Amino acid sequence: MNLEDSIKKLSKVIHSSKSLVVMTGAGISSESGVPTFRGEGGFWKGRSAMELASPEGFENNPELVWQWYEERRTKLKDIKPNPAHFALAELEKRCARFTLITQNVDRLHHQAGSKNILELHGTIWKNVCLSCPFEEDHPEEKRPTSHKCPKCGGWLRPGVVWFGEMLPEDTLSKAYRASENCDVFLVVGTSGVVYPAAGLSEIAKRSGAYTALVNLEKTNANVDLVLLGKAGNLLPKIFSAEV
Ligand code: BJW
């Protein structure tokens, strides 16, 4: 099937869906200027994922890890959602049941107006204390950035999920439930190598859903339809009612 026909096919499937799940990864934010993780120009290029995104890395060198997260927060402040984020927010308004599962920590889906969002890997816009229950949202808005807990003086960490850590339990169980109960599961902008997120489309497929991938390049995702291209170009076309 050529790309035009694939767009029409997926558009039809989505418009007749009664319960839609979309799962996004870093690729959907790349057209906003947020680097992806893997590949040329990705966050991990020339850096060690385990040094920057694991509990062991943080324990070894919290200052280095914080430097990386603060650089990302500073850049993200000026970054806006792109047509792919907005297309998903618009689609949600027209769907009876819609769940957006994202691996992204940038909150660009929230900025674009999406509502039913499951943040599998947490958010960069939160600080969490390692020693007491203290948590704060958007800490940089309240006071100059400090990485020590205002309640107990322990180390704060960003509210994201690192390698080897459990995903937020309630969020993950909602993601499993949505995947098992949807009739269409669309994967957008993810290499599909990080679990358990990478296994959700397979769960949906086994439960009888139609599955599709919109990505710049092929991945190992075992889906019914693959559309190769930029999410910011393809999603508005796929979701437009005229197709
Ligand atoms: C475009 C585009 C455009 C570009 N349009 N497309 C089962 C098997 C093997 C291993 C495991 C397993 N279960 C668990 C594990 C261990 C581990 C894991 O999966 N490891 C694998 C890498 C081997 N998983 C975990 O540790 C998870 N925890 C867990 O499972 O706990 C229980 C457990 C622990 C240990 C053992 C067993 C069980 C936690 C994972 C946490 C991931 N955290 C990170 C960092 C988050 C914080 C932060 O942002 O700083 O999450 S890592 C990083 O990867 C980030 C992302 O969310 C995640 C996925 O990356 P993503 O989004 O796919 O980005 P890329 O760059 O890889 O791909 C972008 C794609 O977009 C590319 O394909 C481009 O082509 C495309 N693209 N522009 C469309 N315009």
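Preceding this paragraph is the structure being described.
These numbers come from a predicted model, not from an experiment. Along each chain, the written sequence defines residue order, and numbers are assigned to residues from 1. Selection of residues for local features in this predicted model requires a pLDDT of at least 70, selection of side-chain atom pairs for listing and counting requires 80 or more, and totals for whole chains, interfaces and linings are taken over all residues. For the side-chain quantities, the full set of heavy atoms in the structure was used; hydrogens and water were omitted.

We define a nonpolar core as any set of buried Ala, Val, Leu, Ile, Met, Phe, Trp, Tyr and Cys residues linked to one another through side-chain atoms lying within 4.5 Å. Here the term buried applies to any residue with accessible area under 20% of the maximum for its type, exposed to any over 50%, and partly exposed to those in between, with areas from a 1.4 Å probe on protein chains only. Grouped together as the largest cluster of nonpolar side chains are 28 residues, with contacts concentrated most on Leu10, Ile14, Leu186, Val214, Leu235, Ile238 and Phe239. Counting residues per element, the ones that place at least two in this core are helix 1 (3-15), strand 1 (20-24), helix 6 (83-94), strand 2 (98-102), strand 7 (184-188), strand 8 (210-215), strand 9 (225-228) and helix 10 (231-239). Sorting elements by how many residues they give to this core places helix 10 first, with 5 residues. Pairs of residues are marked as contacts when any of their non-hydrogen atoms sit within 4.5 Å. Not counting residues up to four positions away in its chain, the partners in contact with Leu235 are Ile28, Ala84, Ala87, Leu88, Leu186, Val188 and Val214. In this structure, Val34, Phe43, Phe58 and Cys129 belong to the second largest nonpolar core, which totals 23 residues. Only DSSP runs of H or I covering at least 4 residues are called helices, and only runs of E covering at least 2 are called strands; the numbering of each starts at the N terminus.

A carboxyl oxygen of Asp or Glu within 4 Å of a side-chain nitrogen of Lys or Arg is what we treat as a salt bridge. Tallied over the entire structure, the rule returns 9 salt bridges. Here Lys93 and Glu90 are joined by a salt bridge, their closest N and O atoms 2.8 Å apart. A residue pair is termed a helical-turn pair when its members lie 3 or 4 positions apart in one helix, as Lys93 and Glu90 do in helix 6 at 3 residues. Take Glu90: its relative accessible area is 43%, and that puts it in the partly exposed class. The shortest N-O distance in the salt bridge between Asp137 and Arg107 comes to 3.9 Å. Taken together, the positions of Asp137 in strand 5 (residues 135-137) and Arg107 in the loop between strand 2 and helix 7 (108-112) put the pair 30 residues apart, joining distant regions of the chain. Look at Arg107 and you get partly exposed, because its relative accessible area is 21%. One network of salt bridges, in which partners are shared, links Arg107, Glu119 and Asp137.

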